Amino acid sequence: MTIFSVQSTIFTRASLAILSTNGLKRFSFASSFSSNALYSSPLPKTKKRRFPIVSAVDIGGVTIARNDVVRDDDPTNNVPDSIFSKLGMQLHRRDKHPLGILKNAIYDYFDSNYAKQFEKFEDLSPIVTTKQNFDDVLVPADHVSRSLNDTYYVDSETVLRCHTSAHQAELLRDGHRRFLVTGDVYRRDSIDSTHYPVFHQMEGFCVFSPEDWNESGKDSTLYAAEDLKKCLEGLARHLFGGVEMRWVDTYFPFTEPSFELEIYFKEDWLEVLGCGVTEQRILKQSGLENNVAWAFGLGLERLAMVLFDIPDIRLFWSDDERFTSQFKKGELGVKFKPFSKYPPCYKDISFWISESFTENNFCEVVRGIAGDLVEEVKLIDSFTNKKGMTSHCYRIVFRSMERSLTDEEVNDLQSKVRDEVQRKLNVELR
Ligand code: DAH
């Protein structure tokens, strides 16, 4: 199975097979305030929220109004408030945050090995067109990642980018030839300690001209593939030290050949990035038919969880001083000391599903109510009766990373989940 357990690649062939069976496995959820978010007046006291309702966010100096992104008037729109409030948070731009520290360490590697030739983009808007997110990088029309179940749609032609590859084509068209794009990416998913609907990726792109490979006597594709592997092996050593690594052949719509890099870490092979030699069609779109290029995409959370020993992906969003104060600018790999583990509280919910039911939709309802207090949602039982009705039983694990939850609070959350599931998902509670 090649889907990253902390999200990173979704376009491998193996993931296609798995996703099309609807046995989807991927993400979890959030609540902290952003210094650059603008907030509307507080909600009435009776309506307790796990996340702030934000009326507008600022992305790179551009103010985006909530009502343009969270819309009741468009049936295609599936962006909840909890996701809107994450736009513009840009955790990767905080120098004392593990994601910012990691990003800077990767920048250092590229700056020192490529004489600062790689341009850096980290402020591109995550709101992109379906053309940018899918068509420009040759994602097939029937690819599962285009579904409303997997991607957040603002309207039928606008999405929250699900990968930083969404910017490859426009940057090439604008004349950039070597670049790194870092940003927040969005995917609808299930809930566990390594999956969250917002995470961060870095995309690398490098274009070569005939003079680059002619001298080597090698065929252009082989030249680019070898250069790519050398570059990324060096990056893995820069981040992890002298680790064992291996290359695995895979499939992405935008590259041929395509590879994944795995490193041996804590007695297991861990997939750290996807990459390959860019499809000629992508280069051609930008008038680069005589060139060859390589590209890679890596998931920052996955690497940071390993490098900093961070056990739960929700922690990246925590404002708790006991988390934030443990990291210093420029210090890669400081091991996180868990401040305490509060007790989990388990609640089960069973219902007869309808044809339109998906686990991602269910998880979104749970996140919408419990926010970061939900640690995991797992299917613990499923059966079909003689009439052909299918029942699912899910176990919801509630646990705060910051305090003990009271019984009353959890019961209240669970009762809201039951109401909302029935109201929104067309299921029959058992
Ligand atoms: N966009 C891919 C994903 O999110 C990752 C990726 C793979 C990016 C290969 C690339 C690439 O640029 O060449 O699953």
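Treat the numbers as computed from the prediction; the structure is a model and nothing was measured.

With respect to the helices, strands and loops of the structure, Glu-331 is situated in the loop between helix 11 (321-324) and strand 14 (345-352). Measuring from C-alpha to C-alpha, the distance between Glu-331 and Phe-308 comes to 10.0 Å, with 23 residues separating the pair along the chain. Sequence-distant contacts of Glu-331, that is, excluding residues within four places in its chain, are made with Ile-101 and Phe-308.

Right, let's talk about the sheet that holds strand 5 (residues 127-129) for a bit. Reading across from one edge, 5-7-6 is the order of the 3 strands in this open sheet, with antiparallel pairing throughout. Each end of this open sheet is capped by a strand with a single partner; those strands are strand 5 and strand 6 (153-155). On average, adjacent strands in this sheet sit at an angle of 35 degrees to one another, irrespective of strand direction. Pairing between strand 5 and strand 7 (residues 158-160): 3 bridges, direction antiparallel. The residue bridging Ile-127 from the neighbouring strand is Leu-160, located in strand 7.

Attention now goes to the environment of Met-89. With respect to the helices and strands, Met-89 occurs in the loop between helix 3 (81-84) and helix 4 (98-113). By relative accessible area, which is 4% here, Met-89 ends up buried. Taking the C-alpha atoms as reference points, Met-89 and Val-57, 32 residues apart in sequence, are found 8.6 Å from one another.

Now for empty space enclosed by the protein. Within this structure, the stated rule accounts for 2 cavities of 30 Å³ or more. In this model, the second largest cavity occupies a volume close to 50 Å³. Forming the boundary of the second largest cavity are Leu-235, Ala-236, Leu-239, Phe-240, Leu-261, Val-272, Leu-273, Leu-298 and Leu-303. When residues of the lining of the second largest cavity are traced back to their parent elements, those giving at least two are helix 8 (220-240) and strand 12 (268-278). Here the lining of the second largest cavity takes 4 residues from helix 8, the largest share from any one element.

Here we come to helix 4. With 16 residues, helix 4 extends 23 Å from end C-alpha to end C-alpha; this agrees with the ideal 22 Å at 1.5 Å per step. With 12 of 16 residues buried, helix 4 lies mostly within the body of the structure. Every buried residue of helix 4 is accounted for by Pro-98, Leu-99, Gly-100, Ile-101, Leu-102, Lys-103, Ala-105, Ile-106, Tyr-107, Tyr-109, Phe-110 and Asp-111. Two residues or fewer after helix 4 comes Ala-115, characterised by a positive phi angle close to 45 degrees.

What counts and what doesn't
Residues numbered from 1 in each chain as written. Predicted model: local features only at pLDDT ≥ 70, side-chain atom pairs only at ≥ 80, totals over all residues. Heavy atoms only, no water. Helix = DSSP H or I, 4+ residues; strand = E, 2+ residues; numbered from the N terminus. Contact = heavy atoms within 4.5 Å. Pairing = 2+ DSSP bridges. Axes fitted to C-alpha atoms, helices over the stretch in contact; angles between N-to-C directions. Buried < 20%, exposed > 50% of the residue type's maximum accessible area, 1.4 Å probe, protein only. 1 Å grid on protein atoms, 1.4 Å probe; cavity = no way out; pocket = protein on both sides within 12 Å on 5 of 7 lines; lining within 4 Å. Points joined across faces, edges and corners; volume = space filled by probe spheres on them. Expected span 1.5 Å × (residues − 1).

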